[in-house]
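Residues per chain, in single letters:
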Amino acid sequence: ECTCMPGFEGPRGGPCSACPAGSFHDAETGNCVECGAYTFSGEASTTCHACPGNSSSPPGSGSARECTCMPGFEGPRGGPCSACPAGSFHDAETGNCVECGAYTFSGEASTTCHACPGNSSSPPGSGSARECTCMPG
């Protein structure tokens, strides 16, 4: 009896239909199975592909464009994603790295800027607490 080709599912003898984007054909069960988080697949796939480094996607993602940079990283949908440099933070609304303001600092791949200790200041874009210096007085 005929069976469906890899990437397709259906009863023995047909008809067969392509596994939808966001799923893959499981050779053991013969069924289409949803791709997990951090992966994606196109239509009629036999495997799910990992999102590029430092990016993630929800379960059932149908293309690399559904992979978005993780907090602390920036880049286009589908990657590549680069760490926000020290002295900046990842703005969740825009998806971009933004320079820390005066009196604050951050390390690489940060999602927030940290305030300098009391009675100290730092210039904008400071990358560590060592850049916070005591104020006069």
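Analysis parameters
Residues numbered from 1 in each chain as written. Predicted model: local features only at pLDDT ≥ 70, side-chain atom pairs only at ≥ 80, totals over all residues. Heavy atoms only, no water. Helix = DSSP H or I, 4+ residues; strand = E, 2+ residues; numbered from the N terminus. Buried < 20%, exposed > 50% of the residue type's maximum accessible area, 1.4 Å probe, protein only. Polar contact = N/O pair within 3.5 Å; in protein donor to acceptor, adjacent residues only side chain to side chain. Disulfide = S-S within 2.5 Å.

**Overview of unusual backbone geometry**
At step 1: Residues Gly79 and Pro80 are joined by a peptide bond in cis, for which omega reads 0°.
At step 2: Position of Pro80 relative to the elements: it lies in the loop between β9 (73-74) and β10 (82-83).
At step 3: Of note, the phi angle at Ala109 is positive, near 60°, even though the residue is not glycine.
At step 4: As for its position among the elements, Ala109 is in the loop between β13 (104-105) and β14 (114-115).
At step 5: The class of Ala109 is partly exposed, set by a relative accessible area of 27%.

**Thoughts on the side chain of Ser61**
At step 1: As for its placement among the helices and strands, Ser61 is situated in the loop between β7 (55-56) and β8 (68-69).
At step 2: Residue classification places Ser61 among the buried positions, given a relative accessible area of 0%.
At step 3: For Ser61, the side chain forms a polar contact with the main-chain oxygen of Pro58, separated by 2.6 Å.
At step 4: Looking at Ser61, its side chain comes within polar contact range of the side chain of Glu66, at 3.4 Å.

**Re the state of the cysteines**
At step 1: By the definition in use, this model includes eight disulfides.
At step 2: Paired through a disulfide, Cys19 and Cys32 show a sulfur-sulfur distance of 2.0 Å. What sets the handedness of the Cys19 and Cys32 disulfide is the S-S torsion sign, and at about -85° it is left-handed. One end of the pair, Cys19, is in the loop between β2 (17-18) and β3 (23-25); the other, Cys32, is in strand β4 (residues 32-34), with 13 residues separating them in the sequence.
At step 3: For Cys19, a relative accessible area of 0% translates into the label buried.
At step 4: The disulfide bridge from Cys84 ends at Cys97, spanning 2.0 Å between sulfur atoms. Classification of the bridge connecting Cys84 and Cys97 rests on its S-S torsion, roughly -85°, and on that basis the disulfide is left-handed. Taken together, the positions of Cys84 in the loop between β10 and β11 (88-90) and Cys97 in strand β12 (residues 97-99) put the pair 13 residues apart, joining distant regions of the chain.
At step 5: Cys84 sits in the buried class, given a relative accessible area of 0%.
At step 6: Left without a disulfide partner, Cys2 is nearest to the cysteine sulfur of Cys16, which lies 8.3 Å away.
At step 7: Residue Cys2 is classed as exposed on the basis of its relative accessible area, which comes to 58%.
At step 8: Of all cysteine sulfurs in the structure, the one in Cys132 sits closest to Cys134, which takes part in no disulfide; the separation is 9.8 Å.

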